[in-house]
Structures are given as C-alpha cells and as structure tokens.
Amino acid sequence: MSEGWDVRRAGPAEAAHRVLMIPGGLCTTEFYADVMAEPALAGLRMVAVTMPGFGRTTAPEDVSMENYARLMARFAAEAECDVVVGHSLGANVAIEMAAAGLFSGPLVLLSPTFSRGDEAKFLAVMNALGRVPGLGTAGWTAMLKLLPRAMKRELPPRRAEALAAAMSGNDPATCRRIVRRYYEYLDRFPSLVPRLCEAAVPAWVVRGDHDEIGLTDSERRGLEACPHVWTVTVPDAGHAVLVEQPARVADVVVDAIAAPR
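Predicted model only: the values in this text are computed from it and were never measured.

The rules behind these values
- Residues numbered from 1 in each chain as written.
- Predicted model: local features only at pLDDT ≥ 70, side-chain atom pairs only at ≥ 80, totals over all residues.
- Heavy atoms only, no water.
- Helix = DSSP H or I, 4+ residues; strand = E, 2+ residues; numbered from the N terminus.
- Buried < 20%, exposed > 50% of the residue type's maximum accessible area, 1.4 Å probe, protein only.
- Pairing = 2+ DSSP bridges.
- Axes fitted to C-alpha atoms, helices over the stretch in contact; angles between N-to-C directions.
- Contact = heavy atoms within 4.5 Å.
- Parallel < 35°, antiparallel > 145°, perpendicular 65-115°, else oblique.
- Nonpolar A, V, L, I, M, F, W, Y, C, P; charged D, E, K, R; others polar.
- Right-handed = clockwise from strand over helix to strand, strands pointing away.
- Polar contact = N/O pair within 3.5 Å; in protein donor to acceptor, adjacent residues only side chain to side chain.
- Phe/Tyr/Trp six-rings, centres within 6.5 Å; stacked < 30°, edge-to-face > 60°.
- Salt bridge = Lys/Arg side-chain N within 4 Å of Asp/Glu carboxyl O.

Peer 1: Whenever I open this one, unusual backbone geometry confuses me. Can you help?
Peer 2: Most peptide bonds take the trans form, and the phi angle of most residues other than glycine is negative. If you check the backbone angles, Leu26 has positive phi at about 70° while not being a glycine. Within the fold, Leu26 resides in the loop between strand 2 (18-22) and helix 1 (33-36). A relative accessible area of 11% means that Leu26 is categorised as buried. Despite not being glycine, Asp236 shows a phi value in the positive range, around 55°. Turning to its location among the elements, Asp236 is positioned in the loop between strand 7 (229-234) and helix 10 (241-244). Take Asp236: its relative accessible area is 58%, and that puts it in the exposed class.

Peer 1: What's the story with the sheet that holds strand 6 (residues 203-208) in this structure? I'm lost.
Peer 2: Pairing between the strands of a sheet comes from backbone hydrogen bonds, and it takes one of two forms, parallel or antiparallel. Here 7 strands make up an open sheet; going across it, the order is 1-3-2-4-5-6-7 and the pairing mixed. Of all strands in the sheet, those with a lone pairing partner are strand 1 (7-10) and strand 7, marking the two edges. Pairwise comparison of adjacent strand axes, ignoring direction, gives a mean angle of 15° for this sheet. Pairing of strand 5 (residues 107-110) with strand 6 involves 4 bridges; the strand directions are parallel. From the neighbouring strand, Leu107 faces strand 6, where its bridge partner is Ala203. Along the sheet face, helix 2 (residues 65-78) touches strand 1, strand 2 and strand 3 (45-49) and points at about 155° away from the line of strand 2.

Peer 1: What am I meant to see in the packing of helix 4 (residues 121-129) against helix 7 (residues 172-188) here?
Peer 2: In the contact formed by helix 4 and helix 7, the axes pass within 9 Å of each other and the chain directions differ by 110°. Compared by their axis directions, helix 4 and helix 7 come out roughly perpendicular. Counted together, Leu123, Ala124 and Asn127 of helix 4 and Val179, Arg180, Tyr182 and Tyr183 of helix 7 form the full contact between these two elements. Within the contact of helix 4 with helix 7, the residues separate by chemical class into 5 nonpolar, 1 polar and 1 charged.

Peer 1: Even after reading the chapter, I still don't get the pairing of strand 5, so can you show me in this structure?
Peer 2: A regular strand carries its side chains on alternate faces of the sheet. In strand 5, alternate side chains face the same way, and those of Leu107 and Leu109 on one face and Val108 and Leu110 on the other are all buried. One ladder, built from 4 bridges, connects strand 4 (residues 83-87) with strand 5; its direction is parallel. If you follow Gly86 over to strand 5, its bridge partner there is Leu109. Crossover strand 4 to strand 5 through helix 3 (residues 89-99) is right-handed.

Peer 1: How should the side chain of Thr29 be read in this particular structure?
Peer 2: Relative to the assigned elements, Thr29 resides in the loop between strand 2 and helix 1. Within polar-contact distance, the side chain of Thr29 engages the side chain of Arg8 at 3.4 Å. For Thr29, the residues in contact, after removing those within four places along its chain, are Asp6, Arg8, Pro23, Ala48, Val49 and Thr50.

Peer 1: Just checking my understanding: could you explain the packing of aromatic side chains for this structure?
Peer 2: What characterises a pair of aromatic rings is the spacing of the ring centres plus the angle enclosed by the ring planes. With the rule as written, the count across this model stands at 4 aromatic pairs. Seen in terms of ring centroids, Trp204 and Trp230 are 4.7 Å apart; in terms of plane orientation they differ by 20°. Their pairing is stacked. On the criterion of sequence distance, the pair formed by Trp204 in strand 6 and Trp230 in strand 7 is long-range, its members being 26 residues apart. A relative accessible area of 8% means that Trp204 is categorised as buried.

Peer 1: Explanation requested: the pattern of salt bridges in the structure shown.
Peer 2: A side chain with one charge can pair with a side chain of the opposite charge if their charged atoms come near. Scanning the model with the defined rule gives 10 salt bridges in all. Among the salt bridges present, the one from Asp34 reaches Arg158, with a minimum N-O distance of 3.2 Å. Here the residue Asp34 occupies a position in helix 1, and Arg158 occupies one in helix 6 (residues 157-166), the gap between them amounting to 124 residues. A relative accessible area of 10% means that Asp34 is categorised as buried. Judged by relative accessible area, Arg158 falls into the exposed class, the value being 62%. As a salt-bridge pair, Glu184 and Arg181 come within 3.2 Å of each other at their nearest N and O atoms. Here the residue Glu184 and the residue Arg181 both occupy positions in helix 7, the gap between them amounting to 3 residues, near one helical turn. The network of salt bridges with common partners includes Arg8, Glu30, Asp34, Arg158 and Arg159.

Encoded structure:
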C-alpha cells in the first residue's frame, strides 16, 4: 500500500512500542528527524510518513480528511503502531482516525486546528484564492515559491535550510485541492473538540506558547473538561514545536507510551 511513499524509520525493529508520526501540510518526514533522534525515544520503533500528496509524493484521488484518516490508519495497522503523533494537518488527521474508530491508541497532537477560525489567516486566503478560475494555481505556485524562504526565519538556524528544502517539492495544484477539502471538513464540524472527546482515546494536545494557530476560550475549556485529554504548553515555541523543542515533544510521547490502554 505504501509503495512510493516517503517513509522514515528509526529505533529497534523489535521494540515493544511503535509510534506513527504524521507531518503537517506541505511538510515531509524531515520535520520529525529531530524528535526521532531524541535519546528519550531510543527504545521505540518510530515510523514517520509524509501524507501522500505533499513533498514529492503522489496524492491519492480522494484527498478528503476522511480518506487520509483511512490511509494513515491502514498504515498504522500494517506497521503495528500503537501510538500516533501528528503535527498540524497531520494532527487533524490523527483526530479523525480516532473519531472514526479507526485507531484506538494514544494520540500526541502537535498544534492541531479545532475550528475554521483558528486556522492561519494566510491559508484561508489561499483557499479563497484557489477557488478563483484562472488565479488559483497561479496563486498557489507563487505562495509555494515564497513560503520556504519565509519559514526559514521561524525555524532553528541549524535546521532551516534542510526544512525549507523539504517544503520546496510541493505541487501547487495538489496543495490547492487538498486545502479545499480540508476547509470543507472544517465546515462540517464547527468544533473538533467534541469529536476528539467523544473518541475516548488518551490524547495530549501540545502547543507552543506563541503558536499562531488559535484556540478559543470555549475550545480550551472543552479540552480541559475532557477526562482523557491533557493540554501541554511548550515555552519558547511556535507552530513548529516539533523542530523548536524536540526534547519536550519526546517527553510527551513517553507519557503517551506509559498511558493505560
């Protein structure tokens, strides 16, 4: 099933626990390299998988969030993963995996989006522009040329070049299509907090203290009221918490491994 996918593996093949790591939109497995190298996770089998359609991978015909959840859940089952870590769009896919009953293990959700209004403003603009005939693909082409260079200012200097390069292989038409389906998904669920809570799986919602992705007071109260959801705020980190503070993210993964099943 995963032929042609971008898959990165680390840790002993015979490990007792296996962790599936899903990067965010426009990102590849390169974004998990620092977390996977953390000593705290040395005894785990870790498998990072770029969502098909991002980087230089081929998108499936169905790029809905529901289908991505099915694809990632099938991969998790085949790889015998019992924990899922997702970042950004990958975290939203992880939520849908649990909500649809496709995965029942612990989740580590790095900066998910719980409602349309929480999402980065530039993405909403790109989604709207993408619907304009004759301008959509041109707008996405220009944005994808500029974004890696702009992102370098927000990434750790020692990793900025490699991470920017990893974002440079995205196809404008594919990204336009995926983002449109993503916003359609957010329109179906005014808030994903109840969907996560009703999934009844242990989940850690991890956010940097200056993450540009929003979280309303109502959403925060909903998460805090859910008995199997824990919120973690990471100092000195923004949306790219997994590359800014990989050791702290690794600590949360260790907590998820130790969670009662």
